[in-house]
Amino acid sequence: WCPGCGYYSMTEGLVNALTELRIKTEDTVIVSGIGCASRFPFFMDTYGFHTLHGRALPVATGVKVANDKLTVVAVGGDGDGFAIGGGHIPHAARRNVNITYLLFDNGIYGLTKGQVSPTSATGFITPTSPFQNRDAPLNPLLMLLSYGASWVGQAYAGWPHHLTQLIRQALEHPGFSYLHVLSPCVTFDKTDRTYQNLDLAVRELDADHDSSDMAAAMRAAADTSTPMLGLYYAEKRETLGQALDLIAARAAGAQRIKRATTRHRQRKTPA
Ligand SMILES: Cc1ncc(C[n+]2csc(CCOP(=O)(O)OP(=O)(O)O)c2C)c(N)n1
Ligand code: SF4
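What counts and what doesn't
- Residues numbered from 1 in each chain as written.
- Chains lettered and ligands numbered in written order.
- Predicted model: local features only at pLDDT ≥ 70, side-chain atom pairs only at ≥ 80, totals over all residues.
- Heavy atoms only, no water.
- Patch = residues over 30% accessible without salt bridge, like charges linked within 9 Å, V, L, I, M, F, W, Y side chains within 5 Å.
- Areas by Shrake-Rupley, 256 points an atom, 1.4 Å probe, with all protein chains shown as cover.
- Salt bridge = Lys/Arg side-chain N within 4 Å of Asp/Glu carboxyl O.
- Helix = DSSP H or I, 4+ residues; strand = E, 2+ residues; numbered from the N terminus.
- Core = buried A, V, L, I, M, F, W, Y, C linked by side-chain atoms within 4.5 Å.
- Buried < 20%, exposed > 50% of the residue type's maximum accessible area, 1.4 Å probe, protein only.
- Contact = heavy atoms within 4.5 Å.
- Near = heavy atom within 4 Å.
- Polar contact = N/O pair within 3.5 Å; in protein donor to acceptor, adjacent residues only side chain to side chain.
- Nonpolar A, V, L, I, M, F, W, Y, C, P; charged D, E, K, R; others polar.
- Lys, Arg positive; Asp, Glu negative; His and termini not counted.
- Charge placed at Lys NZ, Arg CZ, Asp CG, Glu CD.

The next subject is a nonpolar patch on the surface. On the surface, V65, L244 and I247 cluster together into a nonpolar patch covering about 250 Å² of accessible area. Topologically, V65 is positioned in helix α3 (residues 56–66).

Let us look at the nonpolar core. By size, the foremost hydrophobic cluster in this structure holds 33 residues, and its most contacted members are L57, Y101, L144, V152, F176, Y178 and Y232. At the level of secondary structure, the elements contributing two or more residues to this core comprise β1 (28–32), α3, β3 (71–77), α5 (89–94), β4 (100–105), α6 (140–147), α9 (214–222) and β8 (228–234). In this structure Y178 touches F82, Y101, L103, P140, L141, L144, W151, V152 and G153, once residues within four positions along its chain are discounted.

Moving on: the site of ligand 1. The environment of ligand 1 is formed by 16 residues, the closest being Y7, C36, G79, D80 and G110. Within the side chain of Y7, one N or O atom sits 2.4 Å away from an oxygen atom of ligand 1. For ligand 1, an oxygen atom lies 2.9 Å from a polar atom in the backbone of G79. Burial of ligand 1 by the protein amounts to 72% of the accessible area it has alone, namely 590 Å². Per-element tally for the shell around ligand 1: the top contributor is helix α4 (residues 78–84), with 4 residues.

Attention now moves to the site of ligand 2. Taken together, W1, C2, C5, Y7, C36, N106, G110, C185, V186, T187 and F188 make up the full set of residues adjacent to ligand 2. The residue inventory of the shell around ligand 2, partitioned by class, reads 8 nonpolar, 3 polar and no charged.

Taken together, the side chains of R256, R259, R263 and R267 define a basic patch exposed on the protein surface. Within the secondary structure, R259 sits in helix α10 (residues 240–268). Classification of R259 by relative accessible area gives partly exposed; the value is 45%.

Set out below in structure tokens:
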């Protein structure tokens, strides 16, 4: 990673949060797609999986379903998550897979040297948009809220202590937790999402923000003029793991009834 990249704060934040929660390295799996974030699993002293571009979430879902005891963290950039991988987010969210997704939004494709991404600002000039980007950016927070994510928060790489606390809360949440992290790409964006600009733009969510109120969360997410940091929304509901356990128990019960009925019929049938 380039010196000053927001990814360093994220690594430190995740290490600190895992340490504070006493989650063992051997019980942790970091899953990445492709992009600068795909170095993440290599920089952590945990298990890791460097998957295909945009495919961190389905692989992370598989890891969690295979071993529910693991703490599974999917990591990726805005291109990985909202361009090529955009079809996976709604399903991980609505199924409430008990994993944490850390999305590092630098508003650019960093690894491939600075093209526009789905969250780039209109008017942004890059090698692929020399006459300014004309596309409107997506609103990831609003998308995640409407997809049914059970925990949605926003942090900033320039506020490392706040970031650590939000990562910790996201890890503690029993369900799909989505943390959107505003993170400057210091090498390929010298004009828009810089530390200088973000330092002036961001602020904390209002102290009286009610994170159980979906409408309030959506109103805050829709206000893109001032990116607000903190926990937007949280609810507790059945996770994918719990749903699968229930189905397995029902299937086992159905098998027992079927076997008992078959035995009963066999006993009653005259030889
Ligand atoms: C199937 C496929 N298509 C395209 C690419 C090229 N590619 C690699 S990373 C990337 C975008 C990365 O951007 P982002 O996810 O925002 O991460 P960043 O590098 O900015 O952290 C692209 C388009 C690829 N590796 N694989
Ligand atoms: S290219 Fe940008 S996002 Fe990638 S490591 Fe360098 S500063 Fe970070």
